[in-house]
Amino acid sequence: MTDNVRVRFAPSPTGPLHMGGVRTALFNYLFAKKHNGTFVLRIEDTDQTRYVANAEKYIIDSLEWCNIPFDEGPGKNEKYGPYRQSERKDLYKQYADQLIKNNWAYYAFDTNEELDAYRKNNEENGKTFIYNWHNREKLQNSLALSKDEVQKKINAGEKFVIRFKTPQDEILVMEDEIRGTISVNTSTLDDKVLYKSDGMPTYHLANIVDDHLMQISHVIRGEEWLPSLPLHTLLYKAFDWKSPKFAHLPLILKPVGKGKLSKRDGDKLGFPVFPLKYVNEEKGDISRGYKEDGYFSDAFINMLAFLGWNPGTERELFSLTELIEVFDLQRVSKSGAKFNPDKTKWFNQQYMQLKSNTELSDAFELILAEKGLKFEHSYTEKVISLVKERAIFVSDFWDLASFFYETPSDYDTKAVKKQWKESTPDLMKELIIVIESIIDFNSENIEEIVKKWISEREIGFGKVMQPLRLSLVGALKGPHLFDIMEMIGKKATIERIQNAINNL
Ligand code: GLU
């Protein structure tokens, strides 16, 4: 393996980071850490028209929540900085000029109106207009005009862009770490703009220049950038720079298995597509995030790792450290990865079981506090140990365990109808006497004494246990009844049975 692995995550701050973007960051992070390399964050903000002010902070906060921090980036180890392309603005022109000088690029003066007219005209004839080898010498550019004419236009302050002069009819052979060998005939490519009339480089130029200057060894990015690979490969050739290795990650597909999972799918399909909640200040709308929806970041990361990668075994639960150990680009698949929201919940439930009861109690206590409830930490820890198996989110605890904190205020009507018979109140009164007599009020002891009474009285087990459960819980749910009794104590147990007798 390459001795000095340097990878980068290079998002454009155009809005909140989609979970596909987090997956790209994650794979870069895993690859870097696996090879003792460096994970760089570069903000690609050259497109001023799409710039969103709070997006960079959102990206950085997301990486932090996911526990995949960058080693170099804005404000951190700025060895090859600055790491925001807008702050590197002045650096790119010289590279565009170098390409012009070496006949790899040219000035183009065509106005948007002119180009639109060509497009329209072509369309009307059933053709597509492509700015390329085929027609470039008929257009307004430095390949078609004389040196003097070009100089005159530039001196007169006419707007121009710089386009790449794509070679004609060459077979370009490229290697992708995931997809293998790819080849393309350069005649199918257009002459992409490298430098815009607003004095900013385009993504293509800035990306290549920065990857070179930042000594990036591997470019790991989404499949949507695969069509740019030929141009990028040609740019490395044009600059006579060593190209990094490329790996294009498969798309993340909608749960139906067709179509890319988009930013808008979250609201439409009922699950978050963003790591964190995002407030769109302009539009005033809010998109939900995995964090706020109650997902553990390690569960989220574990789920993401499996979108397009697998370890080659049946095992599915991996901590971040374990992922670093087993991650391998060779095991990334070529085909799209179907996103499964239920599986994401499953991961959360699995991680729930791995969390300590004390950590979960800390989180649940915040919810209890909102309800004005304050209990001993050790009590809540015990509650959690009894219900966590059935919980997916911390927010489920209240539903699963409210009766540990409050006397039920209403009772499940269906269950009452079925289980609370005419003879029940008398039985419950007798039961109260039995319970009062129990001195050592622990689960095992209560169980033994209550069961003994039931069999001596020759009453059906359910005839006692179901109404008892209704009295204590308000519904026919919850963990082992005798555990509940021990937890809430003798006094509350008797009170609740009495309550039920009075109310039902
Ligand atoms: N700025 C590009 C993006 O938004 C980066 C693509 C790449 O990694 O080359 O995804």
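Residues numbered from 1 in each chain as written. Predicted model: local features only at pLDDT ≥ 70, side-chain atom pairs only at ≥ 80, totals over all residues. Heavy atoms only, no water.

The next point concerns helix α6 (residues 203-213). In terms of burial, α6 is largely enclosed, as nine of its eleven residues are buried. Residues of α6 that are buried include every one of Y203, H204, L205, A206, N207, I208, V209, D210 and D211, and no others. In the core, the buried residues of α6 are packed alongside β1 (6-9), α3 (89-101), β7 (193-195), β8 (218-222) and α7 (229-239). (Buried < 20%, exposed > 50% of the residue type's maximum accessible area, 1.4 Å probe, protein only. Helix = DSSP H or I, 4+ residues; strand = E, 2+ residues; numbered from the N terminus. Contact = heavy atoms within 4.5 Å.)

Counting through the fold element by element, I60 comes out in helix α2 (residues 55-65). Between the alpha carbons of I60 and V387 there is a distance of 35 Å; along the sequence they are 327 residues apart.

Quick look at the pattern of salt bridges now. Applying the stated criterion across every chain, the model contains 28 salt bridges. A salt bridge links E44 to R42; its shortest N-O distance comes to 2.8 Å. Taken as a pair, E44 and R42 share a single burial class, namely buried. The closest approach of N and O atoms between R179 and E223, which form a salt bridge, is 3.5 Å. Of this pair, R179 sits in the loop between β5 (171-176) and β6 (180-185) while E223 is found in the loop between β8 and α7, placing the two residues 44 residues apart along the sequence. (Salt bridge = Lys/Arg side-chain N within 4 Å of Asp/Glu carboxyl O.)

Glancing now at unusual backbone geometry. Here the amide bond leading from G81 into P82 is cis, since omega sits at -5°, within 30 degrees of zero. In this structure, P82 sits in the loop between α2 and α3. One non-glycine residue with positive phi stands out, namely D240, at about 60°. With respect to the element layout, D240 can be found in the loop between α7 and β9 (245-249). Even without being glycine, E458 reaches a positive phi, approximately 55°. With respect to the secondary-structure elements, E458 resides in the loop between α17 (443-457) and α18 (461-473).

A word on the packing of α3 against α6. Each pair of packed helices gets described by two things: the angle between the helix axes and the distance between those axes. Interaxial distance between α3 and α6 falls to 10 Å at its minimum, and their mutual angle equals 105°. When the axis of α3 is compared with that of α6, the two are roughly perpendicular. Contacts between α3 and α6 involve L91, Y92, Y95, A96 and L99 from the first element and L205, A206, V209, D210 and L213 from the second. The residue inventory of the contact of α3 with α6, partitioned by class, reads nine nonpolar, no polar and one charged. (Axes fitted to C-alpha atoms, helices over the stretch in contact; angles between N-to-C directions. Parallel < 35°, antiparallel > 145°, perpendicular 65-115°, else oblique. Nonpolar A, V, L, I, M, F, W, Y, C, P; charged D, E, K, R; others polar.)

These values are about where atoms sit, not about what they do.
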